[in-house]
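# Overview (structure and organization)
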Amino acid sequence: MIPRQWKSGLLVMAGLMGALALFDAGSLALAQQPAGGPVEYRDVPWIGSRNLIWIVAQIHLLFGGFVLGVPIFGLVCEYIGVRTKDPRYDRLAKEFTKLLTSAYATTALLGGILLFCLIGFYPKLWNYMTDVFFSTFMIYGLLFFLETPTLYLYWYGWDAMKNRKGLHLFLGLLLNIFGFIIMIVSNSWATFQASPVILSESLTYWEKVWTAVNNPTWWPVNIHRLIANVVLGGFICGAYAGVRYLGAKTQEERAHYDWMGYIGNFIGIFGLLPLPFAGYWLMREIYEYNQQMGITLMGGFLSWLFILQAMLIGILFLGANYYFWQGLIHRVEGGVRYRKPILTMLTILILCLAVWMTPHSLVASLEEARKMGGTHHPLLGVFGVMSAKMTVVNIIILVTFMSFLLYWRAGKEATVTWARGAVMGVNVSFFLAAVAVIVLGVWGYFVPAIIRINYFSTTQVGIVIVVLLTATPLIGAVVKSARTTKEMKWGVMPAKAQYALILNATVVILTMTLMGYARSASRQYWHIFGVMRDTSPYAYSPALGTAGALMALNTFIFCMMVAFIFWVASMGSKEHPAAEKPAMPDTAAKKTAAARPH
Amino acid sequence: MKNFIKVVLFVAAFLSFFAFIALQIPQQASLPPSIEKFDPAQIQSKDDLVKIGQKIFYGKGQCALCHSIGHSATARCPNLEGVGGKLTREFIYESVTQPQAYTYMDYTYSPPKFFPARMPVINKPPIDLNNNELLSVMSFLQSQGGEVTIDPSEIVVSDTGATLGKAGDPGAGQKVFVRMGCVKCHAPDPFKAKLAGKDEGMIRLAILDPNAGVKTDPKPVHKGFDQAMSVRDFNDVTAYLGSLKTAKVKP
């Protein structure tokens, strides 16, 4: 039975894909062929080859992130299900793994189109890349022979292996390992373009390949993307649950999708917290590799991009926290009493975000600049530098984690004697960490940049990580032994909370498109930085207005395609997911309430 | 269905909001830099060389990204003020082309660690200065508290057509004609070698790109003269050969 709400999505997607297919065929036919000599570039009318590649590559990469993020998400949920014996986790993992088969095919389709576009539009670049990376292309292809059967075994063997969960989890792990290797192989190509290394003639063939693969930004990008994929998987799960919740007909359905939204948001935030640290490492490596590239990104024409990024990440943190707070107020009986701490946290978050979004210098008229005494605002200018931004990012992470701890402990009464001391210790550690982060941030203004970057910023990050890693098991132990006094009520969240979930997923996707543009634009007019110059008419990076419109378009297309895949996947299930298990989520929740974060 | 449409509209509205904000911030495209033309013909004196070197130092060479001339709190690499009085020409050349030639050890570690140079190889990509540009930058550095020992005659004509339109000295060109060995094939009488009466542009092209327009003999014997001649020699010899146009009517 086809859910009615998906029918329009199907029509929109079919129309869109048909239009794209027609357009593609027409434009390739019009491709220009320069006379004489090897063809270096081809173009298409109206949209231009660069924009076409941009759209195809962006959507392919988003799907890549999706098909790599979902298995991580699925494996984690399945593992929690095995450990807690809560069948909801297993069902959730299965529901999302079902999407993989359709999403996998779409990713491959887009990858094929991207390859044809690259060969067709940028033959000079692609010839060079093939010379350097040909063996990795082969490895990349072979990896799919491992990934694909593993995926089939993992998905089709779900029910068959229900009594051999260890083996099934192992398959899930293998799927993730192959997926990770596929990701890092293709990352090597893109990172080589940004940070190529000298391939000395004295090196053997394989030494050359390895030198090219193991370029300076390869591992930072690998780690950054791995974490970002977890975030993407989590927030897309949340958005899916949000949409289904809004359309749910029964309380049982609402309870199921409410719980699913909570889990998606939790996993998304879980990945989001370390993401700024991974981003910081990547930027450090970029500066180490080439200061000019770092300055172009952070202080050059791309500097305003980071204000947009701050805006998006700010919305994401606010959205994720807002969802937690809505859960506290609506799911926990008597949750209104949390309004005061929520207001405090909201104030801190908004202040921090205001600092994060303060630009370093302002584009002002001469008169305005004279009044200000320069391009830096006399008061706000101090918030525009990295010392302030690093400080507030760490505070935002601490506040978000505090939100989560508050939610985790809600409706529980400690039963162990040391619980009070543990909670007090965690609170004190949060306070001291915040003070230390602020002190280091202020001190950072008075030391050379190299000292701040190498010691102060890393210490700030280290302090926050230590607090997070200490507080989690401590509060976990308190909650595990606690007695539930007020049960969580699932399926009572307001519609605005579901829109927060949808917004979070949209923001994550949009941020990925934004940072993809940043990474690509940081190469400026080079196909391969410092090695192969872009001599095409598109050897420029468009202004952020144009780029922003394309990012929004890419995000919208991706969202619609994912909606289509969800709809296709839902066609296969005869029963509603919530109806597969007769027990209400509340019942299962009672069994394991003390064993996991709500 | 109604809810789904609401969600689609919500997403579309948010994305439109983002695109709107992106349009409100300062719009600045990153255009590729124009390819700088190094015109040796413009170099008549050491001062010219220094001026061009200064331009490259702050432009294509990207030296000022890390170095400063004079004290700077933000410079990442050594202050180059007075460097001309401290370093020899050879040392400057080696420093920019083989930054790792003198290896330093970091003695804060035990055993001391190899200290990698921050300086990029300046005549390799991405900066990739050519020999003429390198000589100009070195002149600029020598001018910082020292004596410029690089002579404009060391600038070689490596760019086709780079010196077109610049007059030389026909008298000096005659000597160059002999010195460079042109006489071995074209002389003793240039008129007999059919060099007289040629257009000056064609003479320049024949030296710089001997294969241009040759149909019968694809192996020109002129190869390498463009690299061997200084810009002054090149201007003089073309001026000399160009002057033979008027001489032709006399004999």
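Predicted, not measured: the structure shown is a model, and the values here were computed from it. (Residues numbered from 1 in each chain as written. Chains lettered and ligands numbered in written order. Predicted model: local features only at pLDDT ≥ 70, side-chain atom pairs only at ≥ 80, totals over all residues. Heavy atoms only, no water.)

### Details of the overall build of chain A
When its secondary structure is counted, chain A shows 20 helices and four strands. Counted over contacts in chain A with a minimum sequence separation of 6, partners at least 24 positions apart contribute 83%. Taken as a whole, chain A presents about 25,500 Å² of accessible surface, with 69% of it coming from carbon and sulfur. (Helix = DSSP H or I, 4+ residues; strand = E, 2+ residues; numbered from the N terminus. Contact = heavy atoms within 4.5 Å. Areas by Shrake-Rupley, 256 points an atom, 1.4 Å probe, with all protein chains shown as cover.)

### Looking at the overall build of chain B
Check the secondary structure of chain B and you find ten helices and two strands. Listed N to C, the secondary structure of chain B is α-α-α-α-β-β-α-α-α-α-α-α in terms of helices and strands. Here chain B holds 251 residues, and 35% of them are scored as buried. In chain B, 65% of the contacts between residues at least 6 apart in sequence involve partners at least 24 apart. Accessible surface, chain B as shown: approximately 14,900 Å² in total, 57% of it carbon and sulfur. (Buried < 20%, exposed > 50% of the residue type's maximum accessible area, 1.4 Å probe, protein only.)

### Remarks on helix H8 (residues 251-272) of chain A
When the terminal C-alpha atoms of H8 of chain A are compared, their 31 Å separation across 22 residues agrees well with the 32 Å that a helix rising 1.5 Å per residue should span. Taken across its 22 residues, H8 of chain A has 17 buried, putting it largely inside the fold. (Expected span 1.5 Å × (residues − 1).)

### Quick notes on helix H7 (residues 218-246) of chain A
Compared with the 42 Å implied by 1.5 Å per residue over 29 residues, the 41 Å span of H7 of chain A between its first and last C-alpha is a close match. Taken across its 29 residues, H7 of chain A has 24 buried, putting it largely inside the fold.

### Notes on the nonpolar core
In this structure, Phe96 and Tyr517 of chain A are the most contacted members of the largest nonpolar core, which totals 196 residues. What Tyr517 of chain A contacts, discounting residues up to four positions off in sequence, is Trp54, Phe301, Leu302, Leu305, Ser541, Pro542, Leu544, Ala547 and Met551 of chain A. Ranked by size, the runner-up nonpolar core spans 23 residues in total, among them Val83, Leu129, Met138 and Ile155 of chain B. (Core = buried A, V, L, I, M, F, W, Y, C linked by side-chain atoms within 4.5 Å.)

### Some points on the interface of chain B and chain A
Facing the 32 residues of chain B at the interface are 47 residues of chain A. Taking both partners together, chain B and chain A bury about 3,600 Å²; carbon and sulfur atoms supply 77% of that area. The largest share of the area that chain B buries against chain A comes from Phe4, Phe18 and Ser30 of chain B, three residues that together contribute 19% of it. Where chain B touches chain A, the interface holds zero salt bridges. Here chain B and chain A share two residue pairs in polar contact (both at pLDDT 80 or more) between them. Across the side of chain B that touches chain A, the residue classes tally to 25 nonpolar, five polar and two charged. (Buried area = accessible area lost by both parts, 1.4 Å probe. Salt bridge = Lys/Arg side-chain N within 4 Å of Asp/Glu carboxyl O. Polar contact = N/O pair within 3.5 Å; in protein donor to acceptor, adjacent residues only side chain to side chain. Nonpolar A, V, L, I, M, F, W, Y, C, P; charged D, E, K, R; others polar.)

### Notes on the packing of helix H9 (residues 275-289) of chain A against helix H14 (residues 386-409) of chain A
Residues and elements named next belong to chain A. Relative to each other, H9 and H14 sit at 155°, their axes nearing to 10 Å. Relative to H14, the element H9 lies roughly antiparallel. Packed against H9, whose contacting residues are Pro276, Phe277 and Tyr280, the element H14 presents Met390, Val393, Asn394 and Ile397 at the interface. The residue makeup of the contact of H9 with H14, split by class, is six nonpolar, one polar and no charged. (Axes fitted to C-alpha atoms, helices over the stretch in contact; angles between N-to-C directions. Parallel < 35°, antiparallel > 145°, perpendicular 65-115°, else oblique.)

### Remarks on the side chain of Asp86 of chain A
All names here are of chain A. The residue Asp86 is located in the loop between helix H2 (49-84) and helix H3 (87-121) in this model. Judged by its relative accessible area of 2%, Asp86 is buried. A polar side-chain atom of Asp86 sits 3.0 Å from a polar atom in the side chain of Arg88.

### Here we look at the confidence of the model for chain A
All names here are of chain A. Taken residue by residue, chain A gives an average pLDDT of 83. The fraction at 70 or more is 85%. Counting contacts from residues 1-13, a segment whose pLDDT is below 50, to residues more than four positions away or on other chains yields 25 contacts. In the predicted structure, residues 578-598 sits below a pLDDT of 50 and forms 46 contacts with residues beyond four places in sequence or in another chain. (pLDDT = per-residue confidence, 0-100.)

### What to know about the pattern of salt bridges
Residues and elements named next belong to chain A. One pass over the structure, following the stated rule, counts eight salt bridges over all chains. The shortest N-O distance in the salt bridge between Arg88 and Asp86 comes to 3.0 Å. Overlapping salt bridges, with partners in common, bring together Glu78, Asp90 and Lys165 in one network.

### Things to note about the packing of aromatic side chains
All names here are of chain A. Throughout the structure, instances matching the rule amount to 42 aromatic pairs over all chains. Their ring planes at 85° and their centres at 5.7 Å tell us that Trp210 and Trp218 sit as a pair that is edge-to-face. Among the aromatic residues, those joined into a ring-pair cluster are Tyr262, Phe266, Phe270, Phe324, Phe401, Phe404, Tyr407, Trp408, Phe430 and Trp490. When the ring centre of Tyr540 is taken as reference, the NZ or CZ atom of Arg50 above it lies at 4.8 Å. (Phe/Tyr/Trp six-rings, centres within 6.5 Å; stacked < 30°, edge-to-face > 60°. Lys NZ or Arg CZ within 6 Å of the ring centre and 35° of its normal.)

### Brief notes about the side chain of Glu95 of chain A
All names here are of chain A. One can find Glu95 in helix H3. No salt bridge is formed by the buried Glu95; its nearest oppositely charged neighbour, Arg244, is found at 5.3 Å. Polar side-chain contacts of Glu95 include one of 2.9 Å to the side chain of Tyr240. (Lys, Arg positive; Asp, Glu negative; His and termini not counted.)

### Things to note about the environment of Trp218 of chain A
Residues and elements named next belong to chain A. One can find Trp218 in helix H7. What makes Trp218 buried here is its relative accessible area of 4%. Those residues in contact with Trp218 that sit more than four places away from it in its chain are Ile184, Asn187, Ser188, Thr191, Trp210 and Val213.

### Thoughts on the confidence of the model for chain B
Residue and element names in this part refer to chain B. Mean pLDDT over chain B: 76, with 72% of residues reaching 70 or higher. Predicted confidence is poor over residues 159-165, with pLDDT under 50, and the contacts of this stretch with residues over four places away or in other chains come to 16 contacts. When the criterion is pLDDT under 50, residues 246-251 qualifies, and its contacts beyond four places in sequence or with other chains add up to three contacts. Reported confidences for the modelled complex are a pTM of 0.72 and an ipTM of 0.83.

### Remarks on the packing of H3 of chain A against helix H4 (residues 123-156) of chain A
Residue and element names in this part refer to chain A. Two elements in contact, H3 and H4, have axes whose closest approach is 13 Å; the angle formed by their N-to-C orientations is 165°. Between H3 and H4, the angle is such that the two are roughly antiparallel. Judged by the twist between their axes, the crossing of H3 over H4 is left-handed. Along the contact surface, H3 presents Lys94, Thr97, Lys98, Leu100, Thr101, Tyr104, Leu115, Leu118, Ile119, Gly120 and Phe121, while H4 presents Pro123, Trp126, Phe144, Glu147, Thr148, Leu151, Tyr154 and Trp155. The residue makeup of the contact of H3 with H4, split by class, is twelve nonpolar, four polar and three charged. (Left-handed = near helix turned anticlockwise from the far one by under 90°.)

### Focus: unusual backbone geometry
Residue and element names in this part refer to chain A. Residue Lys85 is not a glycine yet carries a positive backbone phi of 60°. Note that Lys85 resides in the loop between H2 and H3. One non-glycine residue, Gln524, lies in the positive phi region at around 55°. Within the secondary structure, Gln524 sits in the loop between helix H17 (495-521) and strand S3 (526-528).

### A look at the state of the cysteines
Applying the stated rule across the entire model yields zero disulfides over all chains. Cysteine Cys559 of chain A is unpaired, with the sulfur of Cys237 of chain A as its nearest cysteine sulfur at 15 Å. (Disulfide = S-S within 2.5 Å.)

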